[in-house]
Amino acid sequence: MIIRVPDPSDLPALRALERAAGEPFRALDMARIADDEPPPLALLTEYQRAGRALAAYDDERPGEPPRGYLLWDPVDGCTHIEQVSVHPERAHRGIGRALIDRAEQDSGLPALTLTTFADVPWNAPYYARLGFCRLTPAELTPGLRAIRAHEAELGLDHWPRVCMRREAGAAPTT
């Protein structure tokens, strides 16, 4: 597997990948999440140009489509995982974990944070297996509180959500 900043020509494929990655939410009665519009090309371009977009490829063949991608932001001195998606056909192959570990390495920041659905098997339970711990409301930084407020405005709190954190270097080795 190759992980790198995607080429500008790969950005439309990230949108298609996001749509595919959303489909499993339908089985959990979360069609609204499955139908959510992927990040616009302009936003993906901003992340790509800043080096805060990562994509996973099977190899370096020209035209090889990305199999997963991750977007991250610096939030309160941490690497905040804004989005991580893996194509369902490539699930359970370590792509998400590799993307997260690479974001940690590239950012050089002391911890990673994210917000996610508490009860979706490939969300909070998955991140817990990767060494992320749930944060209590008192542990939320100002930036995480702002992110959660924005998510609530978008209606994501219709389903339970949590903030999670992993210290750099604390990823499980298995």
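Residues numbered from 1 in each chain as written. Predicted model: local features only at pLDDT ≥ 70, side-chain atom pairs only at ≥ 80, totals over all residues. Heavy atoms only, no water.

### Regarding the side chain of Thr 115
Thinking step 1. Relative to the assigned elements, Thr 115 resides in strand E5 (residues 111-117).
Thinking step 2. Among the polar contacts made by the side chain of Thr 115, one reaches the side chain of Glu 151 at a distance of 2.4 Å.
Thinking step 3. There is a polar contact of 3.1 Å between the side chain of Thr 115 and the side chain of Arg 161.
Thinking step 4. Leaving out residues up to four positions away in the same chain, Thr 115 has contacts with His 80, Ile 147, Arg 148, Glu 151, Arg 161, Val 162 and Cys 163. (Helix = DSSP H or I, 4+ residues; strand = E, 2+ residues; numbered from the N terminus. Polar contact = N/O pair within 3.5 Å; in protein donor to acceptor, adjacent residues only side chain to side chain. Contact = heavy atoms within 4.5 Å.)

### Some thoughts on the environment of Leu 41
Thinking step 1. Relative to the helices and strands, Leu 41 resides in helix H3 (residues 41-50).
Thinking step 2. Take Leu 41: its relative accessible area is 40%, and that puts it in the partly exposed class.
Thinking step 3. Taking the C-alpha atoms as reference points, Leu 41 and Glu 23, 18 residues apart in sequence, are found 20 Å from one another.
Thinking step 4. Aside from chain neighbours lying at most four places away, what touches Leu 41 is Leu 11, Pro 12 and Arg 15. (Buried < 20%, exposed > 50% of the residue type's maximum accessible area, 1.4 Å probe, protein only.)

### A short note on the side chain of Arg 67
Thinking step 1. Mapped onto the elements of the fold, Arg 67 is located in the loop between strand E2 (53-57) and strand E3 (68-75).
Thinking step 2. Setting aside anything within four residues of it in sequence, one finds Arg 67 in contact with Leu 17, Ala 56, Asp 58, Val 86, His 87, Arg 90 and Ile 95.

### Regarding the pairing of strand E4 (residues 78-86)
Thinking step 1. Relative to E4, E3 runs antiparallel, the two being bridged by eight bridges. Across the sheet, Asp 73 pairs through a bridge with His 80, a residue of E4.
Thinking step 2. From the end of E3 to the start of E4, which pair antiparallel, there are two residues, and Asp 76 there has a positive phi angle of about 50°.
Thinking step 3. One ladder, built from three bridges, connects E4 with E5; its direction is parallel. Among the inter-strand pairings, Thr 79 is bridged to a residue of E5, identified as Leu 112.
Thinking step 4. As a crossover connection, the stretch from E4 through helix H4 (residues 95-107) into E5 is right-handed. (Pairing = 2+ DSSP bridges. Right-handed = clockwise from strand over helix to strand, strands pointing away.)

### A word on helix H1 (residues 11-22)
Thinking step 1. Here H1 spans 17 Å end to end across twelve residues, near enough to the 16 Å set by a 1.5 Å rise per residue.
Thinking step 2. For H1, every residue scored as buried is listed here: Leu 11, Leu 14, Arg 15, Leu 17, Glu 18, Ala 20, Ala 21 and Gly 22.
Thinking step 3. The inward-facing, buried residues of H1 abut helix H2 (31-34), H3, E2, E3 and E4. (Expected span 1.5 Å × (residues − 1).)

### Focus: the sheet that holds E5
Thinking step 1. Strands sit in the order E1-E2-E3-E4-E5-E7-E6 across an open sheet of seven strands; the sheet is mixed. Among the strands making up the open sheet, the edge pair consists of strand E1 (2-4) and strand E6 (133-134).
Thinking step 2. Against the sheet, H3 makes contact with E2, E3 and E4, and its axis sits at roughly 75° relative to E3, the strand it touches most.
Thinking step 3. Lying on the sheet, H4 is in contact with E1, E2, E3, E4, E5 and strand E7 (161-167); it crosses E3 at an angle near 35°. (Axes fitted to C-alpha atoms, helices over the stretch in contact; angles between N-to-C directions.)

### Considering the packing of H1 against H3
Thinking step 1. Two numbers describe how H1 lies on H3: the axes approach to 10 Å, and their chain directions differ by 115°. Note on packing geometry: the crossing formed by H1 with H3 is right-handed. Taken together, the residues of H3 that come into contact with H1 (itself represented by Leu 11, Pro 12, Leu 14 and Arg 15) are Leu 41, Leu 44, Thr 45 and Gln 48.
Thinking step 2. Classifying every residue of the contact of H1 with H3 gives five nonpolar, two polar and one charged. (Left-handed = near helix turned anticlockwise from the far one by under 90°. Nonpolar A, V, L, I, M, F, W, Y, C, P; charged D, E, K, R; others polar.)

### A few points about the confidence of the model for the protein chain
Thinking step 1. Averaged over the protein chain, the pLDDT score is 94; the fraction of residues at 70 or greater is 99%.
Thinking step 2. Per-element confidence in the protein chain is highest for E3, whose mean pLDDT is 98, and lowest for H2, whose mean pLDDT is 93. (pLDDT = per-residue confidence, 0-100.)

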